[in-house]
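Fold and contact review
Take a look at the letters that make up each chain.
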Amino acid sequence: MSKVIIVTGAANSIGRTTCRQLMQAGHTVYVSSREMSGPIAQGIEEAGSNPGQPGPDLRTIEFDVSSESSVTAAVETIIAENSRLDVVVHNARQVVYGPAETFTPEQLAELYDTNVLIAQRLNRAALPQLRKQGQGLLIWITSSSARGSSVPFLGACASTEAALDSLALSYAGELARWGVETTIIVPSALGPGHYVRSGRPQDTVRAEEYADGPTADVSEIALAGLAQLSPKDTCPQDVASTVANVVNMPFGQRPLKVHFGPDDDGAAAVDAVADRARTELFRRIGLEDLLKPVLIR
């Protein structure tokens, strides 16, 4: 059945490809009009040019993800136009690279706003409707850095992914009795090119100290090692296909977490242990039913 979906981070490569995949599957996809640039427009044309596929239905709506009132107004408009909202895809993200000390508190706060707080604003706007419906789906696109081994100079970015992962897991339990499902999609470790193109610390003076001091070779060694482990960046098409597959699954069959790609940083192995611990803890405290969502009618 066609679903009404809102996607954040539609301007990045994963977001563009995800919108295209969801449109090809016949869903109605909403994105912020501020992200409606050339690449997105091209994605729409590509979606419409595939023979045998349903026509694209991507709708832009004006909202500022940094403003709770703006996000709330946009979600209210979506609900008014469709009488429902089915899926929220959290994909907004900023990637940064550099020694943790060299990121100013203001820069780190901005990073957390983009990578974590945008999701919270959207959840607060969308979840009253999803809970009222007694059915819905939250999809969180995170990173293996949330659980995998910490690599030097990726701490600032990895800390936001860990925060997002923890928040998503908490929501999963809290929303299970409301009929709202949660799926956390975890791509494998990104190739070094992803970090080379990422943001940099604002405190360039301290960054130079790290570059000239005993840690001068750390970045080169780390990136070279990552290049051998992950010679290619995660393909946006893989992430988008995973999102589309999860959306199209029947209620109750969607997995809590989906890992794909080689487990070079051990994230999948760590998550397997963490999932067993979570299951056992919920059982011991009498909340085992929160491990699986139930459909409310």
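Here's what I pulled together on the structure shown here. (Residues numbered from 1 in each chain as written. Predicted model: local features only at pLDDT ≥ 70, side-chain atom pairs only at ≥ 80, totals over all residues. Heavy atoms only, no water.)

**Section: the overall build of the chain**
Helices and strands together make up the secondary structure of the chain, namely 10 helices and seven strands. When each of the 297 residues of the chain is scored for burial, the buried share is 46%. When the accessible surface of the chain is summed, it comes to about 13800 Å², and 54% of that surface belongs to carbon and sulfur atoms. (Helix = DSSP H or I, 4+ residues; strand = E, 2+ residues; numbered from the N terminus. Buried < 20%, exposed > 50% of the residue type's maximum accessible area, 1.4 Å probe, protein only. Areas by Shrake-Rupley, 256 points an atom, 1.4 Å probe, with all protein chains shown as cover.)

**Comments concerning a nonpolar patch on the surface**
Taken together, the side chains of Trp178, Val294 and Ile296 make up a nonpolar region of the molecular surface, amounting to roughly 240 Å² of accessible area. Among the secondary structure elements, Val294 is positioned in the segment after α10 (267-284). Judged by relative accessible area, which is 41%, Val294 ranks as partly exposed. (Patch = residues over 30% accessible without salt bridge, like charges linked within 9 Å, V, L, I, M, F, W, Y side chains within 5 Å. Salt bridge = Lys/Arg side-chain N within 4 Å of Asp/Glu carboxyl O.)

**Digging into unusual backbone geometry**
At Ser83, a position not held by glycine, the phi torsion is positive, near 65°. Within the secondary structure, Ser83 sits in the loop between α3 (68-82) and β4 (87-90). On the basis of relative accessible area, Ser83 is assigned to the exposed category, the value being 60%. Look at Phe153: it is not a glycine, yet its phi comes out positive at around 80°. Among the structural elements, Phe153 can be located in the loop between β5 (136-141) and α5 (155-175).

**Some points on the pattern of salt bridges**
Per the stated rule, a full pass over the model turns up 14 salt bridges. With a closest N to O distance of 3.4 Å, Asp165 and Arg147 form a salt bridge. One end of the pair, Asp165, is in helix α5; the other, Arg147, is in the loop between β5 and α5, and 18 residues separate them in sequence. According to the relative accessible area criterion, Arg147 is partly exposed, its value standing at 26%. Taken together, the salt bridges that share partners define one network made up of Arg147, Asp165, Lys257 and Asp271.

**What to know about the environment of Thr77**
Checked against the element boundaries, Thr77 lands in helix α3. Through-space distance from the C-alpha of Thr77 to that of Glu62 is 10.0 Å; in sequence the pair is 15 residues apart.

**Digging into the nonpolar core**
Ile6, Val75, Leu85, Leu138 and Trp140 are the most contacted members of the largest nonpolar core, which has 28 residues in total. It is helix α4 (residues 105-133) that provides the largest number of residues to this core, a total of six residues. By size, the runner-up hydrophobic cluster in this structure holds 23 residues, among which are Val7, Val89, Ala244 and Val258. (Core = buried A, V, L, I, M, F, W, Y, C linked by side-chain atoms within 4.5 Å.)

That is the geometry; function is a separate question.
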